[in-house]
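Single-letter residue listing:
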2 protein chains.
Amino acid sequence: ILGAVMKLWGFIAKAWKLGVDEPKKVIHCFKVGMALTLVSLFYYMRPLYDGVGGNAMWSVMTVVVVFEYTVGATLSKSINRATGTFLAGSLGIGVHWIASQSGEKFEPIILGGSVFLLASAATFSRFIPSVKARFDYGALIFILTFSLVSVSGYRVEKLLELAHQRLSTVGIGISICFLISMLICPVWAGNELHLLTHGNLQKLADSIDACVEEYFKGSDSNSVSETAKNLEGYKCVLNSKATEESMANFARWEPAHGSFNFPHPWKQYLKIGALMRSCAYCIETLKGSIYSEIQAPEFLKEHFGEVCISLSTHSSNILRELAVITNTMTKSSKIDFSVGDMNYAVQELQNALKSLPSQLNITSEEAQEEQAVKTAAVAPPLLEVLPIATLVSLLIEIAARIEGIAEAVEE
Amino acid sequence: ILGAVMKLWGFIAKAWKLGVDEPKKVIHCFKVGMALTLVSLFYYMRPLYDGVGGNAMWSVMTVVVVFEYTVGATLSKSINRATGTFLAGSLGIGVHWIASQSGEKFEPIILGGSVFLLASAATFSRFIPSVKARFDYGALIFILTFSLVSVSGYRVEKLLELAHQRLSTVGIGISICFLISMLICPVWAGNELHLLTHGNLQKLADSIDACVEEYFKGSDSNSVSETAKNLEGYKCVLNSKATEESMANFARWEPAHGSFNFPHPWKQYLKIGALMRSCAYCIETLKGSIYSEIQAPEFLKEHFGEVCISLSTHSSNILRELAVITNTMTKSSKIDFSVGDMNYAVQELQNALKSLPSQLNITSEEAQEEQAVKTAAVAPPLLEVLPIATLVSLLIEIAARIEGIAEAVEE
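Note that the structure is predicted; figures quoted are calculated from it, not measured.

Peer 1: Would you mind going over the environment of Ser 130 of chain A with me for this structure?
Peer 2: Structurally, Ser 130 of chain A is set in helix 6 (residues 129-151). Looking at Ser 130 of chain A, the relative accessible area reads 38%, which means it is partly exposed. With residues up to four places along the chain from it excluded, the contact list for Ser 130 of chain A reads Phe 11 and Lys 14 of chain B.

Peer 1: For this particular structure, what's the right way to read the packing of helix 3 (residues 57-66) of chain A against helix 3 (residues 57-66) of chain B?
Peer 2: When two helices pack together, their arrangement is given by the angle between the helix axes and by the axis-to-axis distance. Here helix 3 of chain A crosses helix 3 of chain B at 15°, and the two axes come no closer than 15 Å. Judged on the interaxial angle alone, helix 3 of chain B and helix 3 of chain A are roughly parallel. Crossing hand, helix 3 of chain A versus helix 3 of chain B: right-handed. Listed contacts from helix 3 of chain B to Met 57, Trp 58 and Met 61 of chain A of helix 3 of chain A are Met 57, Trp 58 and Met 61 of chain B. Among the residues forming the contact of helix 3 of chain A with helix 3 of chain B, the class breakdown is six nonpolar, no polar and no charged.

Peer 1: Before we go on, may I ask you to explain the packing of aromatic side chains in this structure?
Peer 2: The geometry of two aromatic rings is summed up by the distance between their centres and the angle between their planes. Applying the stated criterion to the full structure yields six aromatic pairs over all chains. Ring centres of Tyr 69 of chain A and Phe 127 of chain B lie 5.3 Å apart, and the angle between their planes is 75°; this geometry places the pair in the edge-to-face category. On the criterion of chain membership, the pair formed by Tyr 69 of chain A in the loop between helix 3 and helix 4 (71-101) and Phe 127 of chain B in the loop between helix 5 (103-125) and helix 6 (129-151) is interchain, its members lying in two chains. Both residues of the pair, Tyr 69 of chain A and Phe 127 of chain B, count as buried.

Peer 1: What is the right way to look at helix 5 of chain B in this model?
Peer 2: Look at helix 5 of chain B: 32 Å from first C-alpha to last across 23 residues, which is about the 33 Å you get at 1.5 Å a residue. Those residues of helix 5 of chain B not exposed but buried are Glu 107, Leu 111, Gly 112, Ser 114, Val 115, Ala 119, Ser 120, Ala 122, Thr 123 and Phe 124 of chain B.

Quick notes on the rules
Residue positions are counted from 1 within each chain, in the order its sequence is given. Throughout, the order in which chains and ligands are written sets their labels, letters from A for the former and numbers from 1 for the latter. This being a predicted model, a pLDDT of at least 70 is required before a residue's local features are given, and a value of 80 or more before pairs of side-chain atoms are given or counted; all residues contribute to the totals for chains, interfaces and linings. Water and hydrogen atoms play no part in the side-chain values, which are based on all heavy atoms of the structure. Here a strand is any run of E in DSSP of at least two residues, a helix any run of H or I of at least four, and the numbering for each starts at the N terminus. Remark: exposure states derive from per-residue accessible area (1.4 Å probe, protein chains only) relative to the maximum for the residue type, with buried under 20%, exposed over 50%, and partly exposed in between. Pairs of residues are marked as contacts when any of their non-hydrogen atoms sit within 4.5 Å. To get an axis, fit a line to the C-alpha atoms, keeping to the stretch in contact for a helix; angles then go from 0 to 180 degrees between the N-to-C directions. These descriptions rest on fixed angle ranges, namely under 35 degrees for roughly parallel, over 145 for roughly antiparallel, 65 to 115 for roughly perpendicular, and the rest for oblique. Rotating anticlockwise by less than a right angle from the far helix to the near helix defines a left-handed crossing, while the corresponding clockwise rotation defines a right-handed one. Nonpolar residues are Ala, Val, Leu, Ile, Met, Phe, Trp, Tyr, Cys and Pro. Charged residues are Asp, Glu, Lys and Arg, and all others, Gly as well, are polar. Stacked, edge-to-face and tilted are the three classes for Phe, Tyr and Trp ring pairs, Trp counted by its six-membered ring, which pair at centre distances within 6.5 Å; planes under 30 degrees apart are stacked, over 60 edge-to-face, the rest tilted. Multiplying one less than the number of residues by 1.5 Å gives the expected span of a helix.

Structure below.
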């Protein structure tokens, strides 16, 4: 029993931490509660609104199913639901009318056949990637409504009345969702995407710094947990692909809000995301080399330490500046200078590489018997240094790309 | 108009290709159609089953919402739906009874308050990762049912009857889904996960081969498109994280089937997946170096070509063998020998590295003025070779890990 209590306690503690870390989510929960209470009371007091009547159940349902965390998701689901219901409803009534005209014997065959065909087709459409990304929910609702309507067994006049009622109840549910999600502490998918990109740029910068520092200085100095946390930062970047895509997808449905115009280049965020990920792959490889078994000898570390740290500082500075740029959405001329500085750091690093073999020759003249040791030692620093060079070229690419975006945003 | 027709045609062609490529998905569509037709006809002939009556709508709804592509997903959703409905139904009736006892004035307050609180709490629980992974849909249904029941305005006796009806209709829907999804061409999430892992292992092997070949041989020889396709293979591995996780999650719900026992170590697949991804990151970096601006001079390519190709062949052979092992789920002793071969290839590569500087010295004695060119040239081959070394250590790790799984499967 104690174990179960402890487990429950751990669960509650975790949930509490989640709530404290992200108050937006807690607010969202209250928003859902509020929307449901509103629509429930509306339904409870239905004698006042007899036109909507017993079908008001559909309002409750709509609110529960449609209300999502971000405004974009709510809008997209609402529009999907309304369109799906309307299309399937009209089609269902049509099929029903045909079936009722064709005699009692053929009626179940026509109804069953049409349900079979349309349900199969709609299910298949949900597998097509472009449909799945945007109209998945609409297709589901289409199947649902069509089956319900075509099989309901009512006469067509009664059906039209029902359809009218259902559309109006769904409309009530949707409008309550719209109002609450957009007026009370709205969570815009576009904004979330923006924050995610901003945060990822900074995490990437921290990771690069932490990686290089860890390699050259060792982790004995200041707070180890801090460095370890920064080292792991790039993993968020690796795993944020799905989130980015769904956010960008929802953001497209959102109207203009805050500093975002309506046709905001959301796709650019996906591009930045992809470039950030390719950069994060390099960091992953780099990190592998930090903990690899073959380690560079001290004198090589010293030889490269300064230039590498300077390069990583320049790179991470660019990333931080880009984060600022994406945040304020203003074009900064500083970025060009920073890129210049970084390229200069790359040059220095290449010079350091060129000066290395001569140094090795000197030492090999001193002691021939150590030759084998030293030649084996040539590898590790290059292993160490060259991923950074790769990284740098990626960073430059990202820099160029984000400059383009800054321009696109400015327009 | 012509543009629209062309677009539509392109869309249809794409959909057709999807259907031909994955006939399983087409079969799934027909299964959905069949389940819906069955339940619709059941509902249509409701005079025969008057006990289920007008509420039979819920069966249709259940089928539409619960029927998923894999058996595991269907089971998980069904169990979630049944549990959510049952829990929320009982709770709703309880709250309704309390409200009805407390006088007309307090009734709406109690009902509204309880809806607000429980809906907020349930929504919050959907944000907790462990709940979200498994009980997301259950929480949604809980909110839905609770709001519907507590606000319905019926007397408690009437409610109990309704609850009974609703549970039985949901039960009918669920059992039709179970039968059709498990008996007719079942698509097991576990099996899909298995195939995905198998395919990814092979794609990884192809990518390694293609990468190294591309680098040393150039792409002028045989079919370029083939190599390019293989080169891109690792990207599937990079992007399969989300699919793997959801599959593993659904696979846990599935009963024993085929060659999979019930407590099959699905989590091991996630581990393999993570290791494959870390391997794919290395390939990504490696590929970056293939197309980098700095290229190694020909004589260095020749020097390393043979050992690198032999190493990559060994590595990809291991991956292919592992693919066979995961496929047949039998322990193969060959794998140990292969790992040994690969380690030997690693040794050879290291020897090649060691022999390099002496070779450089010879050339530098021949022509001193070319020194600068050559020292600059030291970097690229190492840049090229060392990611492979990193890769190899990762491969060995994967090999060790998958051996463990092969043992776990054998038990």
